[in-house]
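The residues making up each chain are set out below.
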Amino acid sequence: MPRFEYLFRETTSGLRRNGLVAFAAISTTFIALLLFGLALLISRQVSLIIEDTTGNVEVAVYLTDPVNPDTVRSLTTTLTELPVVENVDFESKQEACERFGELFANQRALVENVDCDALPASLRVRLEDPEKYAQVEAVLRGQPGIDRIVDQSAFLDRLFAVTRVFRVGVLLISLVMLVSAAILIANTVRMGLFARRKEIGIMKLVGATNWRIRLPFLVEGLFESLIGAIAAVLVLFGLKVAFINPLYGTVQFIPWVTNADVIAIIPWLLIAGALVAMLAGLVGMRRFLDV
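Below: a short report on this structure. (Residues numbered from 1 in each chain as written. Predicted model: local features only at pLDDT ≥ 70, side-chain atom pairs only at ≥ 80, totals over all residues. Heavy atoms only, no water.)

Details of the overall build of the chain
For the chain, the helix and strand inventory stands at eleven helices and four strands. Residues counted as buried form 39% of the 291 residues belonging to the chain. Considering only contacts in the chain between residues 6 or more positions apart, those separated by 24 or more positions represent 84%. Entry remark: accessible area of the chain is about 16700 Å², with carbon and sulfur atoms responsible for 64%. (Helix = DSSP H or I, 4+ residues; strand = E, 2+ residues; numbered from the N terminus. Buried < 20%, exposed > 50% of the residue type's maximum accessible area, 1.4 Å probe, protein only. Contact = heavy atoms within 4.5 Å. Areas by Shrake-Rupley, 256 points an atom, 1.4 Å probe, with all protein chains shown as cover.)

Here it is in structure tokens:
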């Protein structure tokens, strides 16, 4: 209990003496963690859209006429043995004709003038990971009974390239803000140590260990950082309620982030805030302990 009382007294005393700088550190940490949390939520939103967009993406393996059942079985076995393949469905000419009629239901003239025998049978390959679609063509290249393979590579390459750049860019911005918060917290710790440099010198002379001197300042930085993290979490919930919740009923074809997604990033924000505070504190006080 005396140790906890000592830490509490020293932390509150340091916050009172450096109130303006502490407020600046809390504000910077709040902004940094808010951007970090937004980056995580945006990344999650992009992942939901990609999963929804690529969930129906199939690699179509069109077969030559006449279709040989043994060839279909051989190709199906080869595909199902691939770890990236979720399932393989055979689509006959009649099923292809029905699919064609559904896709072009609004163009009756086109449907009526298409001969179903001209539509090829195919294998519809659904993937566990759409980013690895190229493995299907690599395995089937040169196999007999295949007319052509359609894997939507141009669309998927652009989609995955854009999402990777977007995610990396947002995370880099948030990391820059976290570094800024760490620098400001380190400066706050330095100011507190500078104001108490004579007291620290006396404590060192009477045998106080470096960690006994460090601990109150580390707790002070951790306290500031956690306040910023809590404020960031509250603002993230507020932004979701204000901007995302109204879209649930109006834009239903897009999967939106939920409260569970916001709750899932809270530990990451708290961990990031604590790490920033501890590292900043250790760096900020290193020079003042050499008495």
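That covers the picture; the talk isn't over yet.
Remarks on the environment of Leu 75
Looking at the element boundaries, Leu 75 is found in helix H3 (residues 69–80). For the pair formed by Leu 75 and Leu 123, sequence separation is 48 residues and the distance between their alpha carbons is 8.6 Å. Every residue in contact with Leu 75, bar those within four places of it in the chain, is listed here: Leu 63, Leu 123, Leu 140, Gln 143, Pro 144 and Ile 146.

A few points about a negative patch on the surface
A grouping of Asp 89, Glu 95, Glu 98 and Glu 102 is seen on the molecular surface, where their side chains present a negatively charged patch. For the negative patch, the element with the most residues is helix H4 (residues 93–103), which contributes three residues. (Patch = residues over 30% accessible without salt bridge, like charges linked within 9 Å, V, L, I, M, F, W, Y side chains within 5 Å. Salt bridge = Lys/Arg side-chain N within 4 Å of Asp/Glu carboxyl O. Lys, Arg positive; Asp, Glu negative; His and termini not counted. Charge placed at Lys NZ, Arg CZ, Asp CG, Glu CD.)

A look at the sheet that holds strand E3 (residues 122–127)
Taken in spatial order, the four strands make up an open sheet running E2-E3-E1-E4, and their pairing is antiparallel. Edge positions in the sheet fall to strand E2 (85–91) and strand E4 (146–150), since each of these pairs with one other strand and no more. Between one strand axis and the next, the sheet turns by 20° as a mean value, whatever way the strands run. Where E2 and E3 come together, six bridges link them in antiparallel fashion. Bridging from a neighbouring strand, Asp 89 pairs with Arg 124 of E3. Sitting on the sheet, H4 touches strand E1 (58–63), E2 and E3, and the angle it makes with E2 is about 100°. (Pairing = 2+ DSSP bridges. Axes fitted to C-alpha atoms, helices over the stretch in contact; angles between N-to-C directions.)

Describing the side chain of Arg 124
Here Arg 124 lies in strand E3. On the basis of relative accessible area, Arg 124 is assigned to the buried category, the value being 12%. Only 3.3 Å separates the side chain of Arg 124 from the side chain of Glu 91, close enough to count as a polar contact. Beyond its immediate chain neighbours, meaning those up to four positions away, Arg 124 contacts Glu 58, Val 59, Ala 60, Tyr 62, Asn 87, Val 88, Asp 89, Glu 91 and Arg 99. (Polar contact = N/O pair within 3.5 Å; in protein donor to acceptor, adjacent residues only side chain to side chain.)

Some thoughts on a nonpolar patch on the surface
Together, Leu 226, Ile 230, Leu 234 and Leu 270 make up an exposed nonpolar region whose accessible area comes to about 350 Å². Per-element tally for the nonpolar patch: the top contributor is helix H9 (residues 210–244), with three residues.

Notes on unusual backbone geometry
Here Asp 65 and Pro 66 are connected by a cis peptide whose omega angle stands at -10°. Tracing the backbone shows Pro 66 in the loop between E1 and H3.

What to know about the environment of Asp 147
Note that Asp 147 resides in strand E4. Among the residues examined, Asp 147 registers a relative accessible area of 46% and is labelled partly exposed. C-alpha of Asp 147 to C-alpha of Pro 120: the two residues are 27 residues apart in sequence and 8.8 Å apart in space. In this structure Asp 147 touches Tyr 62, Leu 63 and Thr 64, once residues within four positions along its chain are discounted.

Concerning the pattern of salt bridges
Counted under the stated rule, the structure contains five salt bridges. With a shortest N-O distance of 2.1 Å, Arg 73 and Asp 70 are connected by a salt bridge. Separated by three residues within a single helix, Arg 73 and Asp 70 lie in helix H3, roughly one turn from each other. We classify Asp 70 as partly exposed; its relative accessible area is 47%. Between Arg 124 and Glu 91 there is a salt bridge, and its shortest N-O distance comes to 3.3 Å. Of this pair, Arg 124 sits in strand E3 while Glu 91 sits in strand E2, and the two are 33 residues apart along the sequence. The burial state of Arg 124 is the same as that of Glu 91; both residues are buried.

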